[in-house]
Amino acid sequence: MASGVQVADEVCRIFYDMKVRKCSTPEEVKKRKKAVIFCLSPDKKCIIVEEGKEILVGDVGVTVTDPFKHFVEMLPEKDCRYALYDASFETKESKKEELMFFLWAPEQAPLKSKMIYASSKDAIKKKFQGIKHECQANGPEDLNRACIAEKLGGSLVVAFEGSPV
């Protein structure tokens, strides 16, 4: 069921920038987004970028030691969100980076919020063409490294964000 919620142009721009990695200078790479969280606008009619809820590639190893842990801690305890995360992982054959789309719908979130986010998910997914990995998480237990590795490739994944799975 569609909710009629629109997706802000800035959300689409961020997705495109995260998806398309141009050959960049080291300075440009540092400004690339590792993770971004999206929320509904106050009037609940548009999906927007949540102010201050992003991790830049340049932050990793400087102000952020474990980017995935930091990402999980940025999610609100009692409300829903959408998110994009640029996952770095290793299989037995190679190192990879792929975008993951998250729908965060914690148990403590209001029912109305869960309904709006669930019914608006298709609107944002249509704008995010080419996402291979999707994860709906209902609590921190759904966002541990083993669960994410399973979504990224199951038993083929041997490390996620530099840590063994």
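The rules behind the values
- Residues numbered from 1 in each chain as written.
- Predicted model: local features only at pLDDT ≥ 70, side-chain atom pairs only at ≥ 80, totals over all residues.
- Heavy atoms only, no water.
- Salt bridge = Lys/Arg side-chain N within 4 Å of Asp/Glu carboxyl O.
- Helix = DSSP H or I, 4+ residues; strand = E, 2+ residues; numbered from the N terminus.
- Buried < 20%, exposed > 50% of the residue type's maximum accessible area, 1.4 Å probe, protein only.
- Phe/Tyr/Trp six-rings, centres within 6.5 Å; stacked < 30°, edge-to-face > 60°.

Engineer: Would you explain the pattern of salt bridges in this entry?
Structural biologist: Where charged atoms from two side chains of opposite charge approach closely, those side chains can pair. Under the criterion given, the structure shown has ten salt bridges. Ionic pairing is found between Lys 69 and Glu 73, a salt bridge with its closest N-O pair at 3.9 Å. Here the residue Lys 69 and the residue Glu 73 both occupy positions in helix H3 (residues 67–74), the gap between them amounting to four residues, near one helical turn. Close ionic contact of Lys 125 with Glu 134 constitutes a salt bridge, the shortest N to O distance being 2.5 Å. With relative accessibility at 29%, the residue Glu 134 sits in the partly exposed group. The network of salt bridges with shared partners includes Glu 50, Asp 79 and Arg 81.

Engineer: Is there a simple way to explain the packing of aromatic side chains in this structure?
Structural biologist: In this description, a pair of aromatic rings is defined by centroid distance and the angle of the planes. Within the structure shown, the criterion is met by eleven aromatic pairs. Seen in terms of ring centroids, Phe 71 and Tyr 85 are 5.1 Å apart; in terms of plane orientation they differ by 45 degrees. Their pairing is tilted. Here Phe 71, found in helix H3, pairs with Tyr 85, found in strand S4 (residues 81–91); they are 14 residues apart in sequence, far enough to count as distant. The pair formed by Phe 71 and Tyr 85 is uniform in burial state, with each residue classed as buried. Put simply, the rings of Phe 15, Phe 38, Tyr 82, Phe 101, Tyr 117 and Phe 128 pair up and form one aromatic cluster.

Just geometry here; none of it tells us what the structure is for.
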